[in-house]
Amino acid sequence: MRSNLAGPRLLLRRLREVMAEPIKAQERLDKIVVLIASNVVAEVCSVYILRADGVLELYATEGLNREAVHQASLRVGQGLVGLIAAEARPLNLPNARAHPGFAYLPETGEEAYNSFLGVPILRAGRTLGVLVVQNQSHRTYLEDEVEALQTTAMVIAEMVAAGELEAIAQKDTGLDMSRPIHANGVALAEGVGLGHVVLHEPRVVVTNLISEDTDAEKTRLDGAINRLRLSIDDLLASGDIAAMGEHRDVLEAYRMFAYDRGWIRKIEEAIRNGLTAEAAVEKVQSDMRARMLRQTDPYLRERLHDLDDLAHRLIRELMGRGHGPTPAELPQDAIIVARNMGAAELLDYGRDRIRALVLEEGGPTSHVTIVGRALGIPMVGQVDDIVSLADAGDGIIVDGDAGEVHLRPAQDVENAYAEKVRFRARRQAQYRRLRNKPSVTKDGVEFSLQMNAGLLVDLPHLAEAGAAGVGLFRTELQFMVASSFPRMREQQAQYEQVLDAADGKPVTFRSLDIGGDKVLPYLRSIQEENPAMGWRALRLGLDRPGLLRTQIRALLKAAAGRDLKLMFPMVADVSEFVRARELVEKELKHLRRHNHAVPEKIRLGVMVEVPSLLFQLDELLAQVDFVSVGSNDLFQFFCAVDRGNTRVADRFDTLNIGFLRALKRIVDKANKAHVPVTLCGELAGRPLEAMALVGLGYRDLSMSPASLGPIKAMLRSLDAGRLSARLLPRLEPGHPEANIRDFLKRYASEMDVAL
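Calculation notes
- Residues numbered from 1 in each chain as written.
- Predicted model: local features only at pLDDT ≥ 70, side-chain atom pairs only at ≥ 80, totals over all residues.
- Heavy atoms only, no water.
- Helix = DSSP H or I, 4+ residues; strand = E, 2+ residues; numbered from the N terminus.
- Buried < 20%, exposed > 50% of the residue type's maximum accessible area, 1.4 Å probe, protein only.
- Contact = heavy atoms within 4.5 Å.
- Areas by Shrake-Rupley, 256 points an atom, 1.4 Å probe, with all protein chains shown as cover.
- Pairing = 2+ DSSP bridges.
- Axes fitted to C-alpha atoms, helices over the stretch in contact; angles between N-to-C directions.
- Core = buried A, V, L, I, M, F, W, Y, C linked by side-chain atoms within 4.5 Å.
- Expected span 1.5 Å × (residues − 1).
- Polar contact = N/O pair within 3.5 Å; in protein donor to acceptor, adjacent residues only side chain to side chain.

Engineer: So, the overall build of the protein: which residues are in play, and what are the values?
Structural biologist: When helices and strands are counted, the protein shows 26 helices and 22 strands. For the protein, the residues scored as buried account for 54% of the 755 residues in total. Taking the contacts inside the protein whose residues are at least 6 apart along the sequence as the reference set, 67% of them involve residues at least 24 apart. By element, 49% of the accessible surface of the protein is carried by carbon and sulfur atoms, the whole surface being about 32000 Å².

The following block contains the structure:
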C-alpha cells in the first residue's frame with residue numbers, strides 16, 4: 001500500500017536544508033532522526049553505523065534513551081538491526097518482539113515499542129549501517145515510508161563516505177568505510193607495489209541527491225537511456241567492439257538490461273519520490289547489488305557485474321563524465337583496480353606511473369595478464385569485490401608474489417612492505433652493477449642470458465638489464481592489443497622496429513601463438529572443451545595459411561639484409577615443421593621474384609613444448625637450425641596440469657625427477673646433433689630452477705628482464721661442474737634421494753650460491 005507522495009518529497013526538501021546547514025556531524029544526525037520520525041509519524045528513529053570492528057554502534061536516536069548514543073551496540077547478525085546489516089535488505093515487522101531474531105538492548109529503553117522498520121545504509125551495495133523507525137502500536141509501514149527511509153539512508157551513506165562521521169567516532173573505533181582490508185587473490189605477476197587506488201572505470205560520486213523538478217529529472221533519464229541504448233546498438237551493429245575492450249556477449253547482456261522495463265520502472269519510481277535521475281540509478285543499483293551479492297549462483301553474480309557496468313555507464317551519461325583518468329592525470333604511484341580490462345587499455349595508461357594492477361577477474365592466461373607480465377607490473381587477480389571495496393585515492397599494497405592485496409593498510413603493514421620494497425630495490429641495484437659483467441660460472445662455463453619480450457616497450461630492457469639478445473619475441477602480443485587484425489605493413493613496421501632496437505643483438509621471433517586461450521575478439525573463434533590442446537598456434541596457422549604467410553612475409557621483409565631467426569610453437573609432429581618451412585620457402589621465392597631484398601641468413605626452429613616431440617628428437621634435430629624449450633607448456637602437458645587452474649597449478653613440482661629427465665633428454669640430444677638449444681620458459685627466470693638447468697647442461701636461457709640480474713648473480717657464484725656431478729646421479733633410477741628441490745636448496749646453502 002502506498003501513501004500520498006507529498007510526504008517523501010517534503011522529507012527530501014527538508015533533508016536538503018539540513019545537509020546545507022553549517023553544523024557539526026552529531027547535530028546533523030540528530031536533526032535527521034527528528035525529521036524522519038516526524039515525517040513517518042514514528043515514535044522512534046535511530047541510526048546505527050558499522051564500525052571497523054564489525055560492531056553496529058548507535059550514533060543518533062529520537063525516542064530512545066539519548067544516553068545510549070555511542071554506548072549501545074550490536075554485532076552484525078545480532079538482533080534485528082544486525083540481521084538487516086548482514087542481509088542488506090529492509091525488515092518491516094508489525095510485532096518485532098515476536099521475531100526470532102529480536103534482541104533487547106536495555107540501555108536504550110526500547111521495550112515499549114512493537115512495530116519496527118529498518119533499512120540498510122548502503123553505498124555501492126556495501127552496508128555502512130542501519131536506519132530504524134519504531135512505534136508502540138502494531139502496524140505495517142507503508143511502501144512510501146520504506147522509500148523515505150531508503151532515500152535518507154543514501155544521504156547518511158554519503159556522510160559516512162565523505163568522512164564526516166569520523167569526527168564523532170569513539171577513540172580507537174574507526175568506521176567500517178575506512179577499515180583496513182586484507183584480500184586474497186591469485187598471483188598473476190610477481191613483484192610488490194605500494195601506491196594509491198586508481199579505479200579503471202571510476203564510480204561517479206553522486207552528490208546531488210534531491211531533485212527540484214521531478215518531470216525534468218524524468219526527461220533527463222529518458223534522454224540518457226536513449227543515448228545509452230543507441231551507443232550499445234551501434235557497437236553491436238558495427239561489430240568493431242575490440243576498441244572498447246568489450247566482448248559481444250557482454251554487450252548483448254548490456255542491451256538486454258538497457259531495454260528492461262522493470263529496471264527502468266524502479267528508477268522512475270525513485271525519481272517520483274524526489275531523487276535526481278543519477279541518485280535514482282545509484283539507489284536502485286545499490287539495492288539490487290546488495291541482494292545479488294548474497295546469491296551463490298555464479299550466473300546471477302556475473303549478471304550483477306553487467307548491471308554494475310550498465311548503471312555506471314548510465315550515471316556517467318547523466319553527469320557527462322568520461323570513463324577514467326588520462327595518463328597525464330595519474331598519480332606517480334598509481335595502482336589500477338578494475339573488474340577486468342583489455343590488454344590495449346592497460347597500455348593506454350603508460351608504464352612509468354603504474355605500480356601494480358588488481359583485478360576482480362583475470363587469470364594467468366588472460367591477455368591483460370600476459371601483457372602486464374611482459375611490462376613487469378605486479379598483478380593480483382580474482383580478488384572478490386575489490387572494485388566496490390576500494391575508493392579512488394585509497395592507500396593500497398599489492399603483493400604479486402603471495403597473491404595478496406592490502407587496502408587501506410595499517411601503518412605496521414605499510415612499514416613492513418616499504419622495507420620489502422627497499423630491500424628489493426637494493427638487490428636490483430646490486431644486479432645492475434652486474435649488467436656488464438660476463439655470465440660465467442666460477443669454473444669458467446659461459447652462458448648466454450637472453451630476455452623474453454613481445455612489445456616495443458620491452459626493448460629498452462635489452463641494454464638496461466644487459467641481455468645478450470631476445471630469446472623469445474611473442475609476436476601475438478601485437479595482435480592482442482590491436483582493435484583489428486594488423487595488416488602486413490603494420491606487422492613489418494613492428495618487426496623492423498624490434499630489430500632496430502636490438503641493434504645487432506639476436507632476436508628469436510615466435511610465429512603467432514593465438515587460438516586456445518588467446519582469443520582475438522576480431523577473429524572468429526570456435527568453442528573447444530580443452531582449448532590449450534586444441535586449434536591454436538601452428539595448427540591454426542597451417543589450417544589458415546594466408547594468416548601465417550602474411551606474417552612470414554612481413555618478417556622476411558623486415559629482416560632484409562639482416563639475420564632472421566624464426567621458430568614455430570605447438571609442433572606435435574616433425575611434418576608440421578616441414579610444412580611451415582615450405583611456406584617460408586614459398587615466400588622467399590615470391591620476394592626474390594619481385595626483386596625484394598631478403599634476409600642475409602635465415603634460421604628456422606621449433607619450440608619443444610609438446611611431449612610427442614620427445615620421441616622424435618632425432619628426426620626433428622635433423623631438420624631444424626635450433627630448438628627452444630617452452631618449459632611452461634611442456635610441463636603443463638607432461639604432468640597434465642592446467643597452469644590456469646588454481647586447484648591444480650601447484651600440485652606438481654617443476655623440479656620433479658620425471659620432468660628433469662625429459663629436459664635432460666632434450667639437451668643431450670641437441671648437443672649430440674650440434675643443434676643450439678635454449679630454454680625460454682619461467683623455469684629459466686627462477687634462480688633455484690635455473691640452477692637445476694645448469695646442472696642438466698643448458699647454457700642458453702631466456703627469461704623476463706627482471707630475472708636477468710638474479711640469474712646472473714646465481715651463475716657467478718656457482719661451480720657448474722661440481723653441481724652436475726652432484727645432481728645427475730640423483731636423476732638415475734633407484735637413487736634414495738627423490739626430492740630434487742630440497743637437494744638444490746641444501747646445496748645452495750652449503751656452497752654459498754646466491755639465490
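Engineer: So what's going on with the sheet that holds strand E7 (residues 181-184)? Which residues, and what values?
Structural biologist: A sheet is described by the order of its strands in space; here eight strands give the open sequence E7-E14-E13-E9-E10-E11-E12-E8, paired in mixed fashion. Edge positions in the sheet fall to E7 and strand E8 (186-189), since each has one partner strand and no second. Within the sheet, the average angular offset between the axes of one strand and its neighbour, ignoring direction, is 30 degrees. Against the sheet, helix H13 (residues 411-433) contacts strand E9 (192-199), strand E13 (395-399) and strand E14 (404-407), and its axis sits at roughly 120 degrees relative to E9.

Engineer: Report on the nonpolar core, specifying residues and quantitative values.
Structural biologist: Ranked by internal contacts, the top residues of the largest apolar core, which has 96 residues, are Phe509, Leu663 and Tyr698. The element contributing the most residues to this core is helix H22 (residues 657-672), with eight residues. Apart from residues lying up to four places away in sequence, Tyr698 is in contact with Phe447, Val629, Leu663, Ile666, Val667, Val677, Leu679 and Leu693. By size, the runner-up hydrophobic cluster in this structure holds 67 residues, among which are Tyr141, Leu175, Phe257 and Ile264.

Engineer: Before we move on, could you go through the sheet that holds strand E4 (residues 91-93) and cite the residues and values that matter?
Structural biologist: Spatial ordering of the open sheet is given by E3-E2-E1-E6-E5-E4, a layout of six strands whose pairing is antiparallel. The open sheet has two edge strands with one neighbour each: strand E3 (73-75) and E4. The sheet shows a mean angle of 20 degrees between the axes of neighbouring strands, taken without regard to direction. Summarising the sheet, strand E2 (residues 55-62) and E3 pair through three bridges and their orientation is antiparallel. Paired with Leu56 across the bridge in E3 is Leu74. Sheet strands in contact with helix H3 (residues 79-87) are strand E1 (44-50), E2, E3, E4, strand E5 (115-123) and strand E6 (126-135), and its direction is about 35 degrees off that of E5. Against the sheet, helix H4 (residues 143-161) engages E1, E4, E5 and E6, with an angle of about 40 degrees to E5.

Engineer: Mind laying out helix H19 (residues 574-593), listing which residues take part and the relevant values?
Structural biologist: At 3.6 residues per turn, the α-helix brings residues three or four places apart onto the same side. Here H19 is 20 residues long and its end C-alpha atoms lie 29 Å apart, about the 28 Å a rise of 1.5 Å per residue gives. Taken residue by residue, H19 has Val574, Glu576, Phe577, Ala580, Leu583, Val584, Glu587, Leu588 and Leu591 as its buried positions. On its buried face, H19 is in contact with helix H17 (537-543), helix H18 (545-558), strand E18 (563-568), strand E19 (601-608) and helix H20 (617-621). Directly beyond the C-terminal end of H19, a positive phi value near 60 degrees is found at Asn595.

Engineer: Break down the side chain of Ser707 for me, with residues and values.
Structural biologist: Take Ser707: it is sitting in helix H24 (residues 705-716). Ser707 gets classed as buried once you look at its relative accessible area, which sits at 6%. A polar contact is formed between the side chain of Ser707 and the backbone oxygen of Gly685, at a distance of 3.2 Å. Dropping the residues within four chain positions of it, Ser707 is found in contact with Glu190 and Gly685.

Engineer: Break down the environment of Lys437 for me, citing the residues and quoting the values.
Structural biologist: Along the chain, Lys437 falls in the loop between H13 and strand E15 (448-453). Discounting residues that sit within four places of it in the chain, Lys437 has contacts with Lys712 and Arg716.

Engineer: I'd love a proper account of H24, names of residues and values included.
Structural biologist: For H24, which comprises 12 residues, the first-to-last C-alpha distance of 18 Å matches the rise-based estimate of 16 Å (1.5 Å per residue) to within 8%. With respect to burial, H24 is a largely interior element, 10 of its 12 residues being buried. Looking at the buried positions of H24, the neighbouring elements they touch are H13, E15, helix H14 (461-465), helix H23 (687-696) and strand E22 (700-703).

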